Each structure stands twice: as C-alpha cells, then as structure tokens.
Amino acid sequence: MRSYRPSDHSAGRRLWAELTAQHNQMYGDPSDDGGAGFEEYLTRLDLGGLWVADHADDGVIGLVGLIIRGRAGEVEPVVVTSSHRHKGVGRKLLRHVAQEAKKRNMQALTISPSSRNVDAIRSLHAAGYDVVSSIELTMDLDRHPHDWQQEGLELHELQFRS
C-alpha cells in the first residue's frame, strides 16, 4: 500500500471504469463513462487521501479513497481489479484506510456498497463494517420493467427489492 501519485492516473481511471462497469452491469445500465468519473473524483475538496495497492508485476491493482466528513470518514471508492479479487487485496486496502483514519483521530468510517453487491457486503462485514448507520431508499419512477431482485432484503419486518 502506498499513497496515490500523479503517475498512477491511468491505472486509477482504469480501476474507476472497472468499478463503474460492474455497478452498471448489476443494475442493467448500458452506459459506460470509460473512467471519466475519476477526473471529477480527484477534484473533490473533501478528499482526504487516496491510496493504491501496487503489485510488483502488475502495477496498480487496487485503489481506496477517504472522504472527510467532519470527525468521521467515508471510504469511497474501494476497488480491486478483477484478476486480483478474492486474494486479500481489498482487505489490505480497507485496513490501510482505517489506519489512516485512526491517525487523523476520526471517530468512524462509513462505506456504501451497492445493495446487490453481496460479495462486497460480506467482505465489508468481515472487515468490521457491521453497524447499519443509514439507509438510502429508491422509488422507481421509470415505467419500464427493471431487473430488480424481488427477494431483496428484509429490514424492520419490511421487504425491500434490491
């Protein structure tokens, strides 16, 4: 793990594109920003830090950022390239950002995975993110049928699609 450098820009943009494509595939969105959202992300005034997982042979294979929210922080994004997933890279990125937050005397870290990304939710839970601190609900206003997962999840005895 090391701090992001300007020379990591193309790798960061590639990882951002991979993350966006995965999210879009989960929700049936055909759009592709090619990583353009990374440019906007880098201009955030509340960006407190950005770190990469640097592999000896493959270069930058992961990325994690810390957004400052007063005395707390938000982990955004956390992404590992598909060829290196399930090898502990994400866990190391999460551990690193937590250490950085502790150095800054932050009181809490939050992260907001997509509700359909069950693998990410399980990984985050195992990494210590086990407090539900907020919920974002969506009203589907589109009149076209979506591929919402009907089983979704239950919360406070209410059933939600995801």
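Just above sits the structure.
Bear in mind the structure is a predicted one, so any value in this text is a computation, not a measurement.

Draft legend 1. Highlighting the overall build of the protein chain. Helix and strand counts for the protein chain stand at four helices and seven strands. The helix and strand sequence of the protein chain, counted from the amino end, reads β-α-α-β-β-β-α-β-α-β-β. Computed over C-alpha atoms, the radius of gyration of the protein chain comes to 17 Å, within 12% of the 15 Å expected from 2.2 N^0.38 for 162 residues, which places it in the range of a compact globule. Its C-alpha atoms give the protein chain principal-axis dimensions of about 45 × 35 × 30 Å.

Draft legend 2. Representation of the layout of surface pockets in the model. In this structure, the second largest pocket occupies an estimated 260 Å³ of space. If you list the elements that add at least two residues to the lining of the second largest pocket, you get α3 (89-103) and β5 (108-110). Looking at the lining of the second largest pocket residue by residue, the classes come out as eight nonpolar, one polar and three charged.

Draft legend 3. Fine view of the sheet that holds β5. Pairing is mixed in the open sheet, where five strands are placed in the order β1-β2-β3-β4-β5. Lying at the two open borders of the sheet, with one neighbouring strand each, are β1 (2-3) and β5. In this structure, strand β3 (residues 59-69) lies alongside strand β4 (residues 72-80), joined through seven bridges in antiparallel fashion. Opposite G62, over in β4, you have V80 as the bridge partner. Docked against the sheet, helix α1 (residues 9-26) engages β3 and β4, running at close to 90 degrees with respect to β4. The strands that α3 touches are β2 (47-55), β3, β4 and β5; relative to β4, the one it contacts most, it runs at about 160 degrees.

Draft legend 4. Examining the nonpolar core more closely. Among the nonpolar cores identified, the biggest contains 16 residues, and V64, L66, V75, V89, L93, V97 and L109 are the most heavily contacted of them. Those elements giving two or more residues to this core turn out to be β2, β3, β4 and α3. The element best represented in this core is α3, accounting for five residues.

Draft legend 5. Layout of the side chain of N117. For N117, the position within the fold is in the loop between β5 and α4 (118-126). Accessibility expressed as a relative area gives 16% for N117, which makes it buried. The residues touching N117, leaving out its near neighbours within four places in the chain, are Q22 and M26.

About the cut-offs
- Each residue is numbered by its place in its chain's sequence as written, counting from 1.
- Predicted model: local features are reported for residues with pLDDT of at least 70 only, side-chain atom pairs are reported and counted for 80 or more only, and whole-chain, interface and lining totals are derived from all residues.
- Working from all heavy atoms in the structure, the side-chain values ignore hydrogens and water.
- Each helix is a run of DSSP H or I of at least 4 residues and each strand a run of E of at least 2, with the numbering of both proceeding from the N terminus.
- Here the globule rule reads 2.2 Å times residues to the power 0.38, and the radius of gyration is calculated from C-alpha atoms.
- Any residue with an atom within 4 Å of a point lines the site, the site being either a cavity, points on a 1 Å grid over the protein atoms alone where a 1.4 Å probe fits but cannot get out, or a pocket, an open set with protein on both sides within 12 Å along at least 5 of 7 lines.
- Grid points are joined across faces, edges and corners, and a volume is the space filled by probe spheres set on the points.
- Polar here means any residue outside two lists: the nonpolar Ala, Val, Leu, Ile, Met, Phe, Trp, Tyr, Cys and Pro, and the charged Asp, Glu, Lys and Arg; Gly therefore counts as polar.
- At least two bridges found by DSSP between two strands are what make those strands a pair.
- Residue contacts are defined here by distance: any two heavy atoms, one from each residue, within 4.5 Å place the two residues in contact.
- To get an axis, a line is fitted to the C-alpha atoms, and for a helix only the part in contact is used. The angle between two axes follows their N-to-C directions and goes from 0 to 180 degrees.
- Working definition of a nonpolar core: buried Ala, Val, Leu, Ile, Met, Phe, Trp, Tyr and Cys residues. They are joined through side-chain atoms within 4.5 Å.
- Only protein chains enter the calculation, and the probe is 1.4 Å; a residue is then buried if its accessible area is under 20% of its type maximum, exposed if over 50%, and partly exposed in between.

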